[in-house]
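# Overview (structure and organization)
Now for the letters of each chain:
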Amino acid sequence: MRKLILLIPLLLLFVHCRQQPAIPTGLVTEKAMVVSAREEASKIGSDIMKKGGNAFDAMVATELALAVAYPFAGNLGGGGFMVYRKSNGDIGGLDYREKAPLAAHKDMYLDSLGNVIPDMSTKGATSAGVPGTVAGVIAVHEKFGSIPLEEILQPIIALAKTGVIVTEKQSKRLEYYKKQFIEANGDSTKFATNFMPGDTIKYPELAATLEKIQQNGRDGFYKGEVAEKLASFIQEKGGFITEEDLEKYEAKWRYPVVFDYKDLRIISMSPPSSGGVTINQIFKMIEPHKISKYGHNSTKSVQLFTEAARRAYADRNYFLGDPDFVDIPLDVLLSQNYLKERMQDFSFENATPSSKVSHGKVEILESTETTHYSIVDSEGNAISATTTLNGGYGSKLYCAELGFFLNNEMDDFSAKPGVPNMFGLVGAEANSIAPEKRMLSSMTPTIVEKDGTLYMVVGTPGGSTIITAVAQTILNVYEFNLSMQDAVNAPRFHHQWLPDVVVFEPEGFSEELKTELKSKGYNINEERTRIIGKVDAIRILSDGRLEGGADKRGDDTAVGF
């Protein structure tokens, strides 16, 4: 009895420790926050909320400010996805993904022998899909906005006119892509200049385009002068987008993928984003295991995650596409029995080769050059949004008269089923090209609830690595008890079924870990690896304050009040 009495305080201490969330290490604010790829965009979004705007007004502001401050992926010429959760618990999603033009067809990127024509779907005007960003933000503002559009756009127009200061990372990126800018636009393009850190880039033409949107809303971009200039510019350069394509484009409200993982409720984007479905499968395959007991980034936790991701990506590449064009068997793919069966041959002793995991004829490549932002307002409305041009600076084609880059999003279709795209992703028939179809994406804007209340807002760029980066960030906070900032900074790894290699970020994983995995039959990418994602996330602390996680891998910044 005496022993039992002595044990009780220890047990209580253990239970208490387990429940204590990590002490925040990122920016903490009382009421509202925006975390995005550039401080200028985060500040404009935060200021809109400080003035009385809500998270939806801040989304419009942040999205369009990124077009000015972060043209690498922020855009008017691209598209994206957004998931929201209102303070009353209502949830929804918006698909403002680009569409194939009306002139598009299944074999448009193949030569007379049926081979993929190099560069046609990745560079210049032929690679551009119909942009959705402006339609997306206008749809959000019309449905949920609380202050006038004119007021939201004013500071963004001012930023475009006064200019954006070049950071060290931006200077390196502009230098890296300079040759491609000149190839696409000629050597008189403004991006043929050498931009040094501290220089200012002004965008007067972009300011004028934003003024048209400020005055006329959606029609300021998709009809009239801007649409005429954009369509004729694209066609002069050999592309397919017409004024009719622009006028017909509409963003689409879609219900998110929602599922439980232990005592979390995860709300993520539905197809044509593959994010929600794939992350759902990964979490459900992990759930029967006590991953927190294995330890953060330990051999066992890396193995378990890799094997779940391997199986989920095999399904992603084969079954997923635009739900308006293909029937996706979600009820089967997300069922408990199916996922249990998928993991039946998993063992901690040996790797399961990808060749033994079904649907082995497809591999996925998708651009990593996307951007994400997370927003929470003072009422508790939350937004997770990911937007992209596909490649860095999209097609590299810059419409100088309107002040923005065009996407190269057509490459996210399967130009030819079984042939990898620029990111090594292999697609199937479900993602083949058709007029007005939206291309499959890995973008995974996600909101997490715990015990019925808002817990986390998270997302990242990173092409096919987005899904694994978002899943690992959630696990870092929930299973491994890291703060939001530490969870975002933590080293990441990735497996996407094909190619059958585990990719580790350059720092943070020991040689012992890699050797142990190799001994179990895992192929490790030994080449110089890139960073995986740039996660921007917000954690809601138990006292209601907000902790930002702004990824140290970029110029990402959290701003709030």
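Under an unreviewed UniProt entry, the name given to the chain is Glutathione hydrolase proenzyme, and the source organism is Flagellimonas nanhaiensis. In UniProt, the chain has this text filed under Sequence similarities (unreviewed entry): "Belongs to the gamma-glutamyltransferase family."

### Considerations on the packing of aromatic side chains
The full count for this structure, using the stated rule, is 32 aromatic pairs. A ring pair is formed by Tyr70 and Phe72, whose centres lie 5.7 Å apart and whose planes are at 70°; its orientation type is edge-to-face. Each member of the pair, Tyr70 together with Phe72, is buried. Ring geometry for Phe305 versus Phe493: centroids 5.4 Å apart, planes at 80°, classification edge-to-face. Linking Phe305 in helix H13 (residues 299-319) with Phe493 in strand S18 (residues 493-494), this pair joins segments that are 188 residues apart in sequence. Taking the relative accessible area as the measure of exposure, Phe305 reaches 3% and is therefore buried. Taken together, Tyr70, Phe72, Tyr176, Tyr177, Phe181, Phe191, Phe195, Tyr393, Tyr398 and Phe405 form an aromatic cluster joined through their ring pairs. Over the aromatic face of Phe72 sits the side chain of Arg173, whose NZ or CZ is 4.7 Å from the ring centroid. For the cation-ring pair, Arg218 lies above Tyr222, with the distance from its terminal atom to the ring centre recorded as 4.5 Å.

### Quick notes on helix H18 (residues 511-519)
All of the buried residues along H18 are Leu513, Lys514 and Leu517. Angular distribution of buried residues about the axis of H18 spans 95°; they occupy a single face of the element. With respect to the buried face of H18, the exposed residues turned more than 90 degrees away are Glu512 and Ser519. Contacts made by the buried residues of H18 are with H13 and strand S19 (503-504). The positive-phi residue at the C-terminal boundary of H18 is Gly521, with phi of around 100°.

### Thoughts on the sheet that holds strand S16 (residues 446-450)
Spatially, S1-S21-S20-S17-S16-S9-S8 is the arrangement adopted by the seven strands of the open sheet, whose pairing is antiparallel. Of all the strands in the sheet, just strand S1 (28-29) and strand S8 (257-261) have a single pairing partner and so form its edges. For strand S17 (residues 453-458) and strand S20 (residues 536-540), the ladder comprises two bridges, and the chain directions are antiparallel. The partner of Val457 across the bridge, within S20, is Ile538. Against the sheet, helix H11 (residues 275-286) engages S8 and strand S9 (264-268), with an angle of about 15° to S8. Sitting on the sheet, helix H16 (residues 466-478) touches S8, S9, S16, S17 and S20, and the angle it makes with S17 is about 135°.

How each quantity is defined
- Residues numbered from 1 in each chain as written.
- Predicted model: local features only at pLDDT ≥ 70, side-chain atom pairs only at ≥ 80, totals over all residues.
- Heavy atoms only, no water.
- UniProt positions renumbered as here; feature names shortened; annotations may be inferred.
- Phe/Tyr/Trp six-rings, centres within 6.5 Å; stacked < 30°, edge-to-face > 60°.
- Buried < 20%, exposed > 50% of the residue type's maximum accessible area, 1.4 Å probe, protein only.
- Helix = DSSP H or I, 4+ residues; strand = E, 2+ residues; numbered from the N terminus.
- Lys NZ or Arg CZ within 6 Å of the ring centre and 35° of its normal.
- Arc of directions from axis to C-beta.
- Contact = heavy atoms within 4.5 Å.
- Pairing = 2+ DSSP bridges.
- Axes fitted to C-alpha atoms, helices over the stretch in contact; angles between N-to-C directions.

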